[in-house]
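# Structural description and commentary
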Amino acid sequence: MLKPIKRRLEELAWDISSIGNFNYAKDYGNTERGIKMLIIRLMRDFPDVYGNNPINPDDFFGMHLDSQIPVDVDVSKISEWEKDVKKRLKELRSNPHYKALLKAYRQDNQKEIAEILPLVFAKPGLEKVLEPNEKAPRLYHGVTIPDKASPQDYLNLCLKIQKQGLRPSPYGLHCDMDRNVRPIYFALSPLESHGLLSFSFIPTSKTVVIAGGREARIYTKNLKANFSLNLRDPETLASYAPDNDIGIQVERAESYCSELKDLLKSKKIPFNELKIPSD
């Protein structure tokens with residue numbers, strides 16, 4: 001089945017963005033300046049497709065599609081770009097360190113992942129890699145409210161995730177990953193997690209990458225743990241709003257939270273209330 005044009009353009013943006021994620025990208029001729037020029041060329045070839053400013057292509061991860069894709073997009077040009085980017089990624093993925101990381105990721109060999117990550121994605125000197133069983137901080141993973149989901153729908157989704165485990169998002173690309181090796185992202189602060197409900201736990205058997213003082217990553221396909229469930233007070237959204245939209249209009253948050261709280265109590269589901277920290 002042929003992929004829709006919009007999907008191909010979207011994945012093209014993801015893959016170009018991921019080139020700069022590899023720590024050794026420049027060893028294969030993909031310098032930071034070269035990647036920026038690649039992004040600028042892409043946006044010039046498809047001027048009405050990507051919403052970025054070609055003069056300032058952001059940090060390689062800001063590429064996004066406009067809502068309407070022109071009907072006269074040159075499909076042959078998309079194929080040319082896909083071929084070029086695929087070749088670049090094939091070279092990067094031929095690196096023995098990447099091959100070892102991909103194997104460890106597929107086998108969930110967390111000890112191996114800890115050893116190889118700084119050679120591929122984790123940034124030495126900027127990020128700290130905690131090996132399995134090394135003391136790690138409590139981590140928080142929020143769940144954005146799906147479009148048009150009722151409080152009951154949202155709670156059901158969170159309870160399903162709590163039971164089945166967390167999985168990496170299959171959508172888009174972020175720092176320190178490619179499409180094959182995807183981490184699960186966590187906040188280090190409960191009020192910086194997404195959505196209104198979040199899970200928290202202290203990892204003991206997984207490799208944890210600490211990025212700065214706000215974010216952490218765990219590279220695994222499925223993470224099961226004794227998660228605690230947290231519900232944030234709507235008052236926290238004014239001063240401690242997460243980076244991403246919670247999934248509903250902020251003015252609806254109070255009634256939405258109230259209904260969630262009632263549901264949790266009626267079902268006798270343990271949860272922690274996250275309030276504004278006291279001074």
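Each chain has its residues counted from 1, running along the sequence as written. This being a predicted model, a pLDDT of at least 70 is required before a residue's local features are given, and a value of 80 or more before pairs of side-chain atoms are given or counted; all residues contribute to the totals for chains, interfaces and linings. Computation of side-chain values: all heavy atoms of the structure, hydrogens and water removed.

This part takes up the overall build of the protein chain. Helix and strand definitions here come from DSSP, where helices need a minimum of 4 consecutive H or I residues and strands a minimum of 2 consecutive E residues; each element is numbered from the N-terminal end. A count of helices and strands for the protein chain gives eight helices and eight strands. Here the radius of gyration uses the C-alpha set of atoms, whereas the globule reference equals 2.2 Å times the residue count to the power 0.38. Over its C-alpha atoms the protein chain spans a radius of gyration of 21 Å, differing by no more than 12% from the 19 Å that the globule rule assigns to 279 residues. Taken over the C-alpha atoms alone, the protein chain extends approximately 55 × 45 × 40 Å along its principal axes. Contact definition: two residues touch when any of their heavy atoms are within 4.5 Å. Across the protein chain, every contact between residues at least 6 apart in sequence was considered, and the portion connecting residues at least 24 apart equals 73%. Surface accessibility follows the Shrake-Rupley procedure with a 1.4 Å probe radius. Residue values consider only the protein chains on display as shielding. Entry remark: accessible area of the protein chain is about 15,300 Å², with carbon and sulfur atoms responsible for 49%. Two residue types count as positive, namely Lys and Arg, and two as negative, namely Asp and Glu; His and chain ends fall outside the count. A single reference atom marks each charge: NZ on Lys, CZ on Arg, CG on Asp, CD on Glu. For the protein chain, the centre of its 42 positive side-chain charges and the centre of its 38 negative side-chain charges are spaced 7 Å apart.

The topology assignment puts isoleucine 202 in the loop between strand 4 (197–201) and strand 5 (208–211). Spatially, the C-alpha atoms of isoleucine 202 and methionine 43 are 43 Å apart, while their sequence positions differ by 159 residues. Not counting chain neighbours up to four residues away, the residues in contact with isoleucine 202 comprise Ala136, Pro137 and Arg138.

A word on the environment of glutamate 254. The topology assignment puts glutamate 254 in helix 8 (residues 253–266). Each C-alpha atom, one on glutamate 254 and one on alanine 149, is 15 Å from the other, the two residues being 105 residues apart in sequence.

Take the pairing of strand 2 (residues 139–143) next. The buried fraction of strand 2 is high, at five of five residues. Here strand 2 shows two buried faces, one formed by Leu139, His141 and Val143 and the other by Tyr140 and Gly142. Two strands are said to pair when DSSP picks up at least two bridges between them. Two strands pair when backbone bridges link them, and strand 2 and strand 4 are joined in this way by five bridges, in the antiparallel orientation. Pairing of histidine 141 across the sheet is with phenylalanine 199, part of strand 4. Any residue under 20% of the maximum accessible area for its type is buried, any over 50% is exposed, and the rest in between are partly exposed; the area is computed with a 1.4 Å probe on protein chains only.

The criterion for a disulfide is a pair of cysteine sulfur atoms lying within 2.5 Å. Inspection of the entire model under this criterion finds zero disulfides. Cysteine cysteine 158 remains unbridged, with the sulfur of cysteine 257 as its closest cysteine sulfur at 12 Å.

The definition of a nonpolar core used throughout is a set of buried Ala, Val, Leu, Ile, Met, Phe, Trp, Tyr and Cys residues joined through side-chain atoms within 4.5 Å. Core analysis: the largest hydrophobic core is formed by 38 residues, its most contacted members being Leu9, Phe22, Phe46, Tyr50 and Phe121. Sorting the residues of this core by element identifies helix 1 (5–19), helix 2 (32–45), helix 3 (75–93), helix 4 (96–107) and helix 5 (110–120) as the ones contributing at least two each. Leave out the neighbours within four places in its chain, and phenylalanine 22 touches Leu89, Leu92, Arg93, Tyr98, Val120, Phe121 and Asp178. Ile210, Leu229, Leu263 and Ile269 belong to the second largest nonpolar core, which has 36 residues in total.

Moving on, we come to the packing of aromatic side chains. The relation between two aromatic rings is expressed through the spacing of the ring centres and the mutual angle of the planes. To pair, rings of Phe, Tyr and Trp, with the six-membered ring standing in for Trp, must have centres within 6.5 Å; the planes then decide the type, stacked if under 30 degrees apart, edge-to-face if over 60, and tilted in the middle. Here the structure, examined in full by the defined rule, presents nine aromatic pairs. Judged by centre distance (6.5 Å) and plane angle (85°), the rings of tyrosine 98 and phenylalanine 121 are edge-to-face. One end of the pair, tyrosine 98, is in helix 4; the other, phenylalanine 121, is in the loop between helix 5 and strand 1 (127–130), and 23 residues separate them in sequence. With centroids separated by 5.8 Å and ring planes inclined at 55°, the aromatic side chains of phenylalanine 186 and phenylalanine 201 adopt a geometry described as tilted. One end of the pair, phenylalanine 186, is in strand 3 (residues 183–187); the other, phenylalanine 201, is in strand 4, with 15 residues separating them in the sequence. On the basis of relative accessibility, which here comes to 4%, the residue phenylalanine 186 falls in the buried class. Linked through ring pairs, Phe22, Tyr24, Tyr28, Tyr98 and Phe121 together constitute an aromatic cluster.

So, on to the side chain of asparagine 30. Locating asparagine 30 in the fold gives a position in the loop between helix 1 and helix 2. Under this definition, polar contacts are N or O atom pairs within 3.5 Å; protein pairs additionally need one hydrogen-donor-capable and one acceptor-capable atom, and for neighbouring residues in sequence, both atoms have to be side-chain atoms. For asparagine 30, the side chain forms a polar contact with the side chain of arginine 88, separated by 2.8 Å. Apart from the residues within four sequence positions on either side, asparagine 30 is in contact with Ile19, Ala25, Ile35, Arg88 and Leu92.

A few words now on helix 1. With 15 residues, helix 1 should reach 21 Å at 1.5 Å per residue; the first-to-last C-alpha distance of 22 Å fits that figure. When you tally the buried positions in helix 1, you get 11 out of 15 residues, the bulk of the element. Restricting attention to buried positions, one finds in helix 1 the residues Arg8, Leu9, Glu11, Leu12, Ala13, Trp14, Asp15, Ile16, Ser17, Ser18 and Ile19. Close packing links the buried residues of helix 1 with helix 2 and helix 3. Take the residue count of a helix, subtract one, and multiply by 1.5 Å to get its expected span.

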